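Residue-level structural notes
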Amino acid sequence: MEALVVGAGVVGLAVARALALRGASVVVAEAAEAIGTGVSARSSEVIHGGMYYPPGSLRARHCVEGRRRLVRFSESHGVPYRLCGKLIVATREEERPALETILSRGVANGVEELALLEGADAIALEPALSCVAALHSPATGIVDSHALMLSLLGDIEDAGGVLALRTPIDAAERRDGGWQVRFGGEAPDVLRVDCLVNAAGLGAQALARRIDGTAPEGVPRQVLAKGSYFGCSGRPAFTRLIYPAPVEGGLGIHLTLDLAGRMRFGPDVEWVERPDYGVDPERVGLFAAAIRRYWPGLPDGRLVPDYAGIRPKLSGPGEPAADFRVDGPAEHGLPGLVHLFGIESPGLTSALSLAEDVADRLMAGI
């Protein structure tokens, strides 16, 4: 099988690796000048546990299985990671039912070692914390996402796969039982492959519309949610990730740590019409107020603008959170084609599990 994977973010690289390890001849086409410059470059780098998502959903299944695969992969490939654990906190009694809902979902999804703590027990773990209750997830952690993507690429190339940078895909059409793909860039050409995977992230919907035979109603709308992060100077006040009760469109302005222990806060949710990666310094007041609900000791002047990312959502303000979409021939009727739509958080954690799903579909012709 000859396969073309469009998009060299963490999900595209994971899919290409899964296909290459099954013996496919794989090309990864990336429009940018390097791997992982889109959604994957601007994530929180959190290894999610899998307790937020409705049981039976693609997010739930792939997050839990993907996390287990990610930890094993990181161990075997020397990718830096740490299961530092996470506390999801209720700062008011009326938020306690939200923690209980997350706990029940987590148990149904098979998340390990979840425990609901009273405020005093949570504060014993993290003395700088303020809360009335907390859900403890020891299985949550952080990973070096760039090292992860380099390791995925290494496996692809070891299996004979090829990465083509600066290679935008202009169009694709069915021909002779496969796909004829026209690409641009510095050396425009045509490539014939047996199967095509659309893992283009923010560009997935636009690419789908350039593939001949794709029904317009089969391409979901894309809603962009910008998330900004602020760094925090000084000595870290926490050793675990701290999350508030979830908010519409995201998981709330939470505390994440990098592998060096540096604290950063975010992302917030700002609905936008087009990608914009600037961090507005004026949002610092909104951030500080949200953070002080669970860290009242945040000193003045410690927050500094860091970076922003864009979530490629399938649902907008006031709508239920949409699931991932993995559309294969069973959904759109086109052989040898898989679209990945709406792969936002927990896409990084889910990548290795999503990759096996895609490979299974293509190998089985479904």
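A short tour of the structure in this document, coming up. Just so it is clear, the model here is predicted, and its values are computed rather than measured.

1. With respect to the overall build of the protein chain
The secondary structure content of the protein chain amounts to 9 helices and 21 strands. At 21 Å, the protein chain has a C-alpha radius of gyration in line with the 21 Å of a compact globule built from 366 residues. Along the three orthogonal principal directions, the C-alpha set of the protein chain runs to about 65 × 40 × 40 Å. Classification of the 366 residues of the protein chain by burial places 54% in the buried group. Partitioning the contacts of the protein chain with sequence separation of at least 6, the portion at a separation of at least 24 is 70%. Accessible area of the protein chain: about 14700 Å², with a carbon and sulfur share of 52%.

2. Focus: the packing of helix H1 (residues 10–21) against helix H9 (residues 347–364)
Following both chains from N to C, one finds H1 and H9 inclined at 40 degrees, their axes separated by 8 Å at the closest point. The orientation of H1 with respect to H9, classified from their angle, is oblique. Judged by the twist between their axes, the crossing of H1 over H9 is right-handed. Here Val10, Val11, Ala14, Val15, Arg17, Ala18 and Leu19 of H1 come into contact with H9, specifically with Gly347, Leu348, Ala351, Leu352, Ala355, Glu356, Val358, Ala359, Leu362 and Met363.

3. Focus: the pairing of strand E12 (residues 189–193)
Two strands pair when backbone bridges link them, and strand E11 (residues 178–183) and E12 are joined in this way by 5 bridges, in the antiparallel orientation. Note on E12: the bridge partner recorded for Gln180 is Arg192. In textbook terms, the turn of a hairpin is the stretch between consecutive antiparallel strands, and for E11 and E12 this stretch comprises 5 residues, one of which, Gly185, has a positive phi near 95 degrees.

4. A few points about helix H5 (residues 145–158)
Taking 1.5 Å per residue, 14 residues should reach 20 Å; H5 reaches 20 Å between its end C-alpha atoms and fits that length. Looking only at H5, the buried set comprises Ser145, Ala147, Leu148, Met149, Ser151, Leu152, Leu153, Asp155 and Ile156. Those residues of H5 that are buried lie in contact with H1, strand E2 (25–29), helix H2 (58–77), strand E8 (141–143), strand E9 (162–164) and H9. The opening residue of H5, the one whose side-chain oxygen lies 3.2 Å from the backbone nitrogen of His146, is Asp144. Gly160, located one to two residues past H5, shows a positive phi value of around 95 degrees.

5. Points about the sheet that holds E12
Read from one edge of the open sheet, 3 strands run E10-E11-E12, paired in antiparallel fashion. Two strands bound the open sheet, and with one partner strand each, they are strand E10 (169–175) and E12. Put simply, the sheet's adjacent strands are angled 20 degrees from each other on average, direction ignored. Note: E10 against E11, 6 bridges, orientation antiparallel. When the bridges of E11 are listed, Ala172 appears paired with Val181.

6. Digging into the pattern of salt bridges
Inspection of every chain in the model, using the stated rule, returns 29 salt bridges. In this structure, the salt-bridge partner of Glu93 is Arg96, at a minimum N-O distance of 3.0 Å. Here Glu93 falls in the partly exposed class, since its relative accessible area comes to 47%. Classification of Arg96 as buried rests on a relative accessible area of 16%. The closest approach of N and O atoms between Glu126 and Arg240, which form a salt bridge, is 3.1 Å. Taken together, the residues span a long stretch of sequence, with Glu126 in the loop between helix H4 (119–125) and strand E7 (133–137) and Arg240 in the loop between strand E14 (223–232) and strand E15 (241–244) at a distance of 114 residues. Looking at Glu126, the relative accessible area reads 2%, which means it is buried.

7. Describing the packing of aromatic side chains
Taken as a whole, this structure holds 5 aromatic pairs when the rule is applied. For the pair Tyr229 and Tyr307, a centre-to-centre distance of 4.4 Å together with 15 degrees between the ring planes defines the contact as stacked. Note that Tyr229 is positioned in strand E14 and Tyr307 in strand E19 (residues 303–313), a separation of 78 residues in sequence. Tyr229 sits in the buried class, given a relative accessible area of 4%. Following the ring pairs from residue to residue traces out a cluster consisting of Phe238, Phe265 and Trp295. In this structure, Lys86 packs its charged tip against the face of Tyr243, placed 4.0 Å from the ring centre.

8. Focus on the environment of Ser104
Relative to the elements of secondary structure, Ser104 occurs in helix H3 (residues 96–109). Put simply, Ser104 and Val279 are 175 residues apart on the chain and 36 Å apart in space, counted from C-alpha to C-alpha. There is a polar contact of 2.8 Å between the side chain of Ser104 and the backbone oxygen of Thr101.

The rules behind these values
- Residues numbered from 1 in each chain as written.
- Predicted model: local features only at pLDDT ≥ 70, side-chain atom pairs only at ≥ 80, totals over all residues.
- Heavy atoms only, no water.
- Helix = DSSP H or I, 4+ residues; strand = E, 2+ residues; numbered from the N terminus.
- Rg over C-alpha atoms; globule rule 2.2 N^0.38 Å.
- Buried < 20%, exposed > 50% of the residue type's maximum accessible area, 1.4 Å probe, protein only.
- Contact = heavy atoms within 4.5 Å.
- Areas by Shrake-Rupley, 256 points an atom, 1.4 Å probe, with all protein chains shown as cover.
- Axes fitted to C-alpha atoms, helices over the stretch in contact; angles between N-to-C directions.
- Parallel < 35°, antiparallel > 145°, perpendicular 65-115°, else oblique.
- Left-handed = near helix turned anticlockwise from the far one by under 90°.
- Pairing = 2+ DSSP bridges.
- Expected span 1.5 Å × (residues − 1).
- Polar contact = N/O pair within 3.5 Å; in protein donor to acceptor, adjacent residues only side chain to side chain.
- Salt bridge = Lys/Arg side-chain N within 4 Å of Asp/Glu carboxyl O.
- Phe/Tyr/Trp six-rings, centres within 6.5 Å; stacked < 30°, edge-to-face > 60°.
- Lys NZ or Arg CZ within 6 Å of the ring centre and 35° of its normal.

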